[in-house]
Amino acid sequence: MLSVYICEDEEEVRRIQRECLEKQIMIQGYDMEIALCSGRPGEILEAVEKNPGRGIYFLDVELKGEEMDGFALGREIRRLDPRGFIIYVTAYGNLAFETFRYHLEALDYIVKESMEKMEEGLGKSLSVITERMRAEQGEHREFFSVKVMDVVKHVPIDEIMFFEAAPGTHRIALHGVNDWFDFIGSLRELEGQLGSRFLRTHRAYLVNVEQIAELDLKDREIRMKNGERCLFARNMKGALLERM
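Residues numbered from 1 in each chain as written. Predicted model: local features only at pLDDT ≥ 70, side-chain atom pairs only at ≥ 80, totals over all residues. Heavy atoms only, no water.

Peer 1: Mind laying out the overall build of the chain, listing which residues take part and the relevant values?
Peer 2: Counting secondary structure elements, the chain contains seven helices and 15 strands. Overall, the chain is about 65 × 35 × 35 Å in size when its C-alpha atoms are taken along their principal axes. Burial status across the chain gives 43% buried among its 244 residues. In the chain, 54% of the contacts between residues at least 6 apart in sequence involve partners at least 24 apart. As displayed, the chain has an accessible area near 13,500 Å², and 47% of this comes from carbon and sulfur atoms. Taking the average location of the 34 positive side-chain charges in the chain and that of its 45 negative ones, the two points are 7 Å from each other. (Helix = DSSP H or I, 4+ residues; strand = E, 2+ residues; numbered from the N terminus. Buried < 20%, exposed > 50% of the residue type's maximum accessible area, 1.4 Å probe, protein only. Contact = heavy atoms within 4.5 Å. Areas by Shrake-Rupley, 256 points an atom, 1.4 Å probe, with all protein chains shown as cover. Lys, Arg positive; Asp, Glu negative; His and termini not counted. Charge placed at Lys NZ, Arg CZ, Asp CG, Glu CD.)

Have a look at this one:
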């Protein structure tokens, strides 16, 4: 069962959100329950610490009179629950840059332009989360997990194109289907961790063989299914042709 947390500083809005979510959970038969509805971010974090596991978090951005705003709260939640679902319910229209800056990966932004629109957005979020959970359970996907700053990121292994080592540093860039970020690590360790599905094609590249679209034998380039390119060493030509 997924625990649902609401952090909203306006009591009336908080009440409406809770009633709407409880109604949707009951009508749709979702495997969820309201764990806490509060205007205090500290209370939310304390409850999450006491009840570890994947949760759903509906957060206001501007929490008046509190030491942390919704972004800071989201960051702490990400530390405690890396795979939780964060949804911002806010008066602000465009929060994409701020959530990117905080590495929050918010599921959605519901704008409080009207109570009707807000309730519609709340219901839609629960539906999307349910579908995602069903897809994950049905696919039995494997995830690559790595700490980036203060956030643990989880990327489906089949969505990774390749890893690229930055010259002269200990930083590795992960190139995914719809994602890119870098972290501290080594290709040698990743090669041992990920096994035969990834091939060390070059001193700077560890490639997901299943995501290769074609080889440019003349320029010794690999074109991936998402259009990105990386290199392969001369002595890797045979191994690549065998695997394709």
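Peer 1: Run through the sheet that holds strand β5 (residues 108-111), naming residues and quoting values.
Peer 2: Within the open sheet, the five strands sit side by side as β2-β1-β3-β4-β5. Their pairing is parallel. On the outer flanks of this sheet lie β2 (32-38) and β5, each paired with one strand and no other. Direction aside, neighbouring strands of the sheet carry axes that sit 20 degrees apart on average. As paired elements, strand β4 (residues 85-90) and β5 share four bridges and run parallel to each other. Across the sheet, residue I87 finds its bridge partner in β5, namely D108. Across the sheet, helix α2 (residues 41-50) touches β1 (2-7), β2 and β3 (55-59), and the angle it forms with β1 is around 165 degrees. (Pairing = 2+ DSSP bridges. Axes fitted to C-alpha atoms, helices over the stretch in contact; angles between N-to-C directions.)

Peer 1: Report on α2, specifying residues and quantitative values.
Peer 2: Residues of α2 that are buried: P41, I44, L45 and V48. Projected down its long axis, α2 carries its buried residues within an arc of 95 degrees, all on one side. For α2, the elements touching its buried residues are β1, β2, β3 and α3 (70-80). (Arc of directions from axis to C-beta.)

Peer 1: A description of the layout of surface pockets should follow, citing residues and the corresponding values.
Peer 2: In this structure, the second largest pocket occupies an estimated 230 Å³ of space. Around the second largest pocket sit 13 residues that line it, and Y30, D31, M32, T130 and M133 are the ones nearest its centre. Of the residues forming the lining of the second largest pocket, the biggest block, six residues, is contributed by helix α5 (residues 115-139). Looking at side-chain class alone, the lining of the second largest pocket contains five nonpolar, five polar and three charged residues. (1 Å grid on protein atoms, 1.4 Å probe; cavity = no way out; pocket = protein on both sides within 12 Å on 5 of 7 lines; lining within 4 Å. Points joined across faces, edges and corners; volume = space filled by probe spheres on them. Nonpolar A, V, L, I, M, F, W, Y, C, P; charged D, E, K, R; others polar.)

Peer 1: Residues and numbers for the nonpolar core, please.
Peer 2: Formed by 24 residues in total, the largest nonpolar core has its most connected members in M32, I56, F58 and I129. If you list the elements that add at least two residues to this core, you get β1, α1 (11-28), β2, β3, β4 and α5. Every residue in contact with M32, bar those within four places of it in the chain, is listed here: M1, L2, V4, I25, I56, L126, I129 and T130. Core analysis: the next-biggest nonpolar cluster, separate from the first, contains 16 residues, V148, L174, F181 and F183 among them. (Core = buried A, V, L, I, M, F, W, Y, C linked by side-chain atoms within 4.5 Å.)

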